[in-house]
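Coordinates in review
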2 protein chains.
Amino acid sequence: MIKTPYLLFLGDAPDQLAAKVAQGIKDWRPENAVGQFRLEGCKADVGLSDMTLAEGLEAGAKTLVIGVANRGGQISQMWKEALIEALAMGYDLASGLHNLLNDEADLVAAAKKHGRILHDVRIPTVEYPIATGVKRTGKRVLAVGTDCSVGKMYTALALDVAMRERGMKSTFRATGQTGILITGDGVPLDAVVADFMAGSVEYLTPDNDPDHWDVIEGQGSLFHVSYSGVTMALIHGGQPDALIISHEPTREHMRGLPDYKVPDMAAIRDVALTLAKVANPDCKVVGISVNTQHMSEEEARSYLDKVEAEMGLPAVDPFRHGAERLAEALAAL
Amino acid sequence: MIKTPYLLFLGDAPDQLAAKVAQGIKDWRPENAVGQFRLEGCKADVGLSDMTLAEGLEAGAKTLVIGVANRGGQISQMWKEALIEALAMGYDLASGLHNLLNDEADLVAAAKKHGRILHDVRIPTVEYPIATGVKRTGKRVLAVGTDCSVGKMYTALALDVAMRERGMKSTFRATGQTGILITGDGVPLDAVVADFMAGSVEYLTPDNDPDHWDVIEGQGSLFHVSYSGVTMALIHGGQPDALIISHEPTREHMRGLPDYKVPDMAAIRDVALTLAKVANPDCKVVGISVNTQHMSEEEARSYLDKVEAEMGLPAVDPFRHGAERLAEALAAL
C-alpha cells in the first residue's frame, strides 16, 4: 500500500500525454494529490498547484509519485537529483516505469540511508495463492474488451464513481500500473507468474458485504492473442456477477496485431459469458461501454443507439455521457 | 538444453509412484537414459540397469537427473552427498523439484568449483517475447482437457510416437517440468510471467517444414478456474491447426475444486474451437483422448464407442490402445 496523499512528479514531460498517470490521479482521486512538482522544461500541466518538494511536505504529502513516462528507457540524471532530494526530505517514491527504481543503485542507497520506501508497482510484492474457486460474498463486475486499450480502466473508474453517487457500496480494484498508482493499491496482473494469476485476482477481491461491489479493472481481451491468458484469469479469479462489454468502433485491427480483426461485440459476449459462468453460473452481461473518442457527438449518439437496439443492453460512452446507466443496470440486478 | 544421455537418480524413493519422472523418461525417451542410480532404501525400480555414478559416466551419461519426488519439502543430507559427489565427478544436475537446486548453497558451491550446471526446470531461463500472433509455417496440434491431469502429456507423447511410426515429421514440445526432463528442453509455462505466456509458446513452436507437426503438451483446462489462463495462452500462442479433447470420465469434480463439475466434452470443444479460430481460422477438432484407467477393458471399449458416436470423432485411450487413430486423423487433415 502506497502512503497518500501524493505530490505528483511531472519531471521534464515533453507533452501533456506523457503525464497521463498524473492526469489519471488528478481526475479520479484528486483527494490523493496535494499538488504537482515540475522540473525545468516541463510541458505538461495537470491543473494542480505547482509546489516545491518542501511545499508538498508542508501540505502533507507522504509519497512522490512519478506521474510521467520517461524518455529513452532510462531515469535521467536530472530526475535522479530531484528524486534523491525527495528521499532525503522524507518522501517515499512510487513508480510504474519499466525501469525500476529498485534497479538504480543511487536511489536504493538514498532510500536505505533515509529509511524510505521505493514502490515499483510493476513488480508484485505479495506471494499470491493459487486460486481456490471458492464462492466469495459480495458482488463483482468486470469489463471485458473486444481489444486491448479500449477504455476498460476508464469504464471501471467512471462506474465506481457513478455507483457511489447512487449510494451503492463500491470499490475500484486496480489490476494495472496506472490503476495501482491512482488508488495506491492493486495487483500488477501482467507481471504475476502464470500459476498465480487467478489467485491474485481472488486475493484482490475478497469476501465483502453482500451489497458491496468490486469494480475490477479489466485487462487485454479474450480475442487478443498476446494477452488473452490474463483476461481469462480475470474472468475466473474475479467470479464476476456482471460483465460489461467494452469496445472502440473505429479500430481497424487488434492493437499491435495488424493481421487480426476486432471481433463483434456479440462474439465477445458469448464466449466471455460461457467462461464466466464456470466460476459464477448467475453471471449476466449488463451493458456496453463504447469509446467514441474518434466520433463526432452525432456519430456517437447514433452508434450508441444502434448498438443498444442490436444488443438489447444499455450502451453508453462513460467519458462522454457518464456511467449512470451502467450503475443503474447493476443496481437492478 | 540439458545434456543427454542421463543417469536417473531414484534416491531413496519410498514407492514406485515417487519415481514417475524417471519412469516417464524411461518410457518415452529410453535412448536418453543409460541407467538408474539408487540409494539405500530405494523402493522404486524403473527397469533400467543399476549403476554407480562411475558406471554411469563410463556409459556416457552427462547429466544426473533427479527422477524422484523428495519428501518433506527439502533436499535431504543423504541426497546432498550423492549430488555433490556427482558434480565432483563431472555430472551436471537437472531437477523439477519445487525446492530449487540453485537455492542450496552447498550444491551451488560444488557446481561452481567443478564447472558444472544446475538445471532447475521449474524456472524459466529465457526472456520470452510478447506474442506477435504472426502466422508460422508448419503444423501444430494441442490437447485441451475437460480438467487438469486427465492425460494430456501422455496423449501428446503417444501421438508423437504414433506419428513418427507412420513416417510423419513430429516433435513433442514440452510445457511442464516432467515433459522438459523427458525431452531435455521446453517451456515451464506455469512459471512464466503473465504477459509473456503466449510468447513463450510461440518461441517453443517456431516456423518449421510445412509438413512438420509440433505436438504441444497441454496444461490446465479452460474450465479449471485456477489455471485456465495458462490453457488460454497455449491455445493462442500455439496457433493449433488441430485440437484433441482429453477427458477422464470417472472424475467426480474438477481437480482440487470440490464445488466444480467436470464439463461435457462438447462444451470444451465449442469454446476451445471458438478461441483457437481467433489465432488459426482453419483449426479443427480431430479426435478424443479418453483416460480409461479406472474402467475395465469392457467398460472402456463401450464408453469409447459411445463417445465416438456422440461426438463424430475418433475416440481412443492412447495408453490402452495406442494413438494410431489420432495420428491417422492428423495425417488426413
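Residues numbered from 1 in each chain as written. Chains lettered and ligands numbered in written order. Predicted model: local features only at pLDDT ≥ 70, side-chain atom pairs only at ≥ 80, totals over all residues. Heavy atoms only, no water.

The name given to chain A in an unreviewed UniProt entry is EBNA-1 nuclear protein, with the source organism recorded as Sulfitobacter donghicola DSW-25 = KCTC 12864 = JCM 14565.

So, on to the overall build of chain A. A count of helices and strands for chain A gives 12 helices and 11 strands. What you see for chain A is a C-alpha radius of gyration of 20 Å, in line with the 20 Å of a compact globule of 333 residues. The principal-axis extent of the C-alpha atoms belonging to chain A is close to 55 × 45 × 45 Å. Out of the 333 residues belonging to chain A, those deemed buried represent 58%. For chain A, the proportion of contacts with a sequence separation of at least 24, taken over those separated by at least 6, is 76%. Of the accessible surface of chain A, which amounts to about 13600 Å², a share of 50% is contributed by carbon and sulfur atoms. (Helix = DSSP H or I, 4+ residues; strand = E, 2+ residues; numbered from the N terminus. Rg over C-alpha atoms; globule rule 2.2 N^0.38 Å. Buried < 20%, exposed > 50% of the residue type's maximum accessible area, 1.4 Å probe, protein only. Contact = heavy atoms within 4.5 Å. Areas by Shrake-Rupley, 256 points an atom, 1.4 Å probe, with all protein chains shown as cover.)

Generally speaking, a soluble globular protein has its nonpolar side chains buried in company with each other. The biggest cluster of nonpolar side chains holds 93 residues, and the ones touching the most others in it are A:Leu222, A:Leu275, B:Leu222 and B:Leu275. Residues in contact with B:Leu222, not counting those within four places in the same chain, are A:Met232, A:His236, A:Leu275, B:Ser228, B:Thr231, B:Met232, B:Ile235, B:Ile268, B:Val271, B:Ala272 and B:Leu275. (Core = buried A, V, L, I, M, F, W, Y, C linked by side-chain atoms within 4.5 Å.)

This brings us to the pairing of strand E2 (residues 33–38) of chain A. Counting buried positions along E2(A) yields five of six residues, so the element is predominantly enclosed. A crossover connection joins strand E1 (residues 6–11) of chain A to the parallel E2(A) through helix H1 (residues 20–28) of chain A; in handedness this β-α-β unit is right-handed. (Right-handed = clockwise from strand over helix to strand, strands pointing away.)

The two copies are related by a screw operation: chain A maps onto chain B through 180° of rotation and 0.0 Å of translation along the axis, at an RMSD of 0.0 Å. What the superposition gives is, in effect, a two-fold axis relating one chain to the other. A symmetric contact is evident, with 100% of the interface residues of chain A recurring at the interface of chain B. (Least-squares fit on C-alpha atoms with pLDDT ≥ 70 in both.)

It is worth spelling out the pattern of salt bridges at this point. Scanning the model with the defined rule gives 36 salt bridges over all chains in all. In this structure, the salt-bridge partner of B:Arg251 is B:Asp147, at a minimum N-O distance of 3.0 Å. Of this pair, B:Arg251 sits in the loop between strand E9 (242–247) and helix H9 (265–279) while B:Asp147 is found in the loop between strand E6 (139–145) and helix H5 (152–165), placing the two residues 104 residues apart along the sequence. Each of A:Lys3, A:Asp92 and A:Arg116 takes part in one network of salt bridges that share partners. (Salt bridge = Lys/Arg side-chain N within 4 Å of Asp/Glu carboxyl O.)

The next thing to look at is the UniProt feature "domain: D-glutamate N-acetyltransferase-like C-terminal" (unreviewed entry) in chain A. The feature "domain: D-glutamate N-acetyltransferase-like C-terminal" (unreviewed entry), as annotated in UniProt, sits at residues 130–326 of chain A in this numbering. Segment residues 130–326 of chain A splits into 39% helix and 16% strand. End C-alpha atoms: 32 Å apart. (UniProt positions renumbered as here; feature names shortened; annotations may be inferred.)

All right, on to the interface of chain A and chain B then. With 32 residues of chain A at the contact, the number on the chain B side is 32 residues. Across the contact surface, chain A and chain B share zero salt bridges. If you look at where chain A meets chain B, you find 10 residue pairs in polar contact (both at pLDDT 80 or more). Tallying contributions element by element places helix H8 (residues 228–238) of chain A first for the side of chain A that touches chain B, with six residues. For the side of chain A that touches chain B, the class distribution of residues is 22 nonpolar, eight polar and two charged. (Polar contact = N/O pair within 3.5 Å; in protein donor to acceptor, adjacent residues only side chain to side chain. Nonpolar A, V, L, I, M, F, W, Y, C, P; charged D, E, K, R; others polar.)

So, on to the environment of A:Trp213. All names here are of chain A. Counting through the fold element by element, Trp213 comes out in strand E8 (residues 212–216). A residue is classified by how much of its surface remains accessible, and Trp213, at 4% relative accessible area, is buried. With 36 residues separating them along the chain, Trp213 and Gln177 place their C-alpha atoms 21 Å apart. Look past the residues within four positions of Trp213 in its chain and what remains in contact with it is Lys139, Arg140, Val141, Met163, Met168, Lys169, Ser170, Thr171, Asp241, Ala242, Leu330 and Leu333.

Before going further, it helps to spend a moment on the packing of H8(A) against helix H9 (residues 265–279) of chain A. All names here are of chain A. Relative orientation of the contacting elements H8 and H9 amounts to 40°, with a least axis distance of 7 Å. Of the possible angle classes, the one that applies to H8 and H9 is oblique. Here H8 and H9 pass one another in a crossing that is right-handed. Judged by residue contacts, Met232, Ile235 and His236 of H8 engage Ala272, Leu275, Ala276, Val278 and Ala279 from H9. Across the contact of H8 with H9, the residue classes break down as seven nonpolar, one polar and no charged. (Axes fitted to C-alpha atoms, helices over the stretch in contact; angles between N-to-C directions. Parallel < 35°, antiparallel > 145°, perpendicular 65-115°, else oblique. Left-handed = near helix turned anticlockwise from the far one by under 90°.)

A word on the sheet that holds E9(B). All names here are of chain B. The sheet built from six strands is open, its strands ordered E7-E8-E6-E9-E10-E11 with parallel pairing. The sheet terminates laterally at strand E7 (169–173) and strand E11 (315–316), the two strands that pair on one side only. Sheet topology places E6 next to strand E8 (residues 212–216); four bridges connect them, and they run parallel. Paired with Arg140 across the strands is Asp214, a residue of E8. Packed onto the sheet, helix H12 (residues 324–331) meets E6, E8, E9, strand E10 (284–290) and E11 and runs at close to 175° relative to E10. (Pairing = 2+ DSSP bridges.)

What follows deals with the UniProt feature "domain: D-glutamate N-acetyltransferase-like N-terminal" (unreviewed entry) in chain A. In the numbering used here, UniProt assigns the "domain: D-glutamate N-acetyltransferase-like N-terminal" (unreviewed entry) feature to residues 40–124 of chain A. The straight-line gap between the two end C-alpha atoms of residues 40–124 of chain A is 33 Å; of that span, 34% is helix and 13% is strand.

With that settled, consider the sheet that holds E2(A). Residues and elements named next belong to chain A. Read from one edge of the open sheet, five strands run E2-E1-E3-E4-E5, paired in parallel fashion. Unpaired on one side and paired on the other, E2 and strand E5 (118–120) mark the two borders of the sheet. This sheet shows a mean twist of 25° between the axes of neighbouring strands, independent of strand direction. Summarising the sheet, E1 and strand E3 (residues 63–66) pair through four bridges and their orientation is parallel. Its bridge partner being in E3, Leu7 is matched across the sheet by Leu64.

Here we come to helix H7 (residues 197–204) of chain A. Burial within H7(A) is extensive, with seven of its eight residues counted as buried. The secondary structure elements touched by the buried residues of H7(A) are strand E7 (169–173) and H8 of chain A together with helix H7 (197–204) and helix H8 (228–238) of chain B.

Turning next to the domain arrangement of chain A. One frequently used descriptor of interface size is the decrease in accessible area upon assembly of the parts. Residues and elements named next belong to chain A. Segmentation of chain A into domains returns domain 1 (6–120) and domain 2 (139–332). A straight line from the C-alpha centre of domain 1 to that of domain 2 covers 29 Å. The interface is formed by 12 residues belonging to domain 1 together with 14 residues belonging to domain 2. At the boundary of domain 1 with domain 2, total buried surface from both sides reaches about 970 Å², with 69% on carbon and sulfur atoms. (Domains from an automatic or database assignment. Buried area = accessible area lost by both parts, 1.4 Å probe.)

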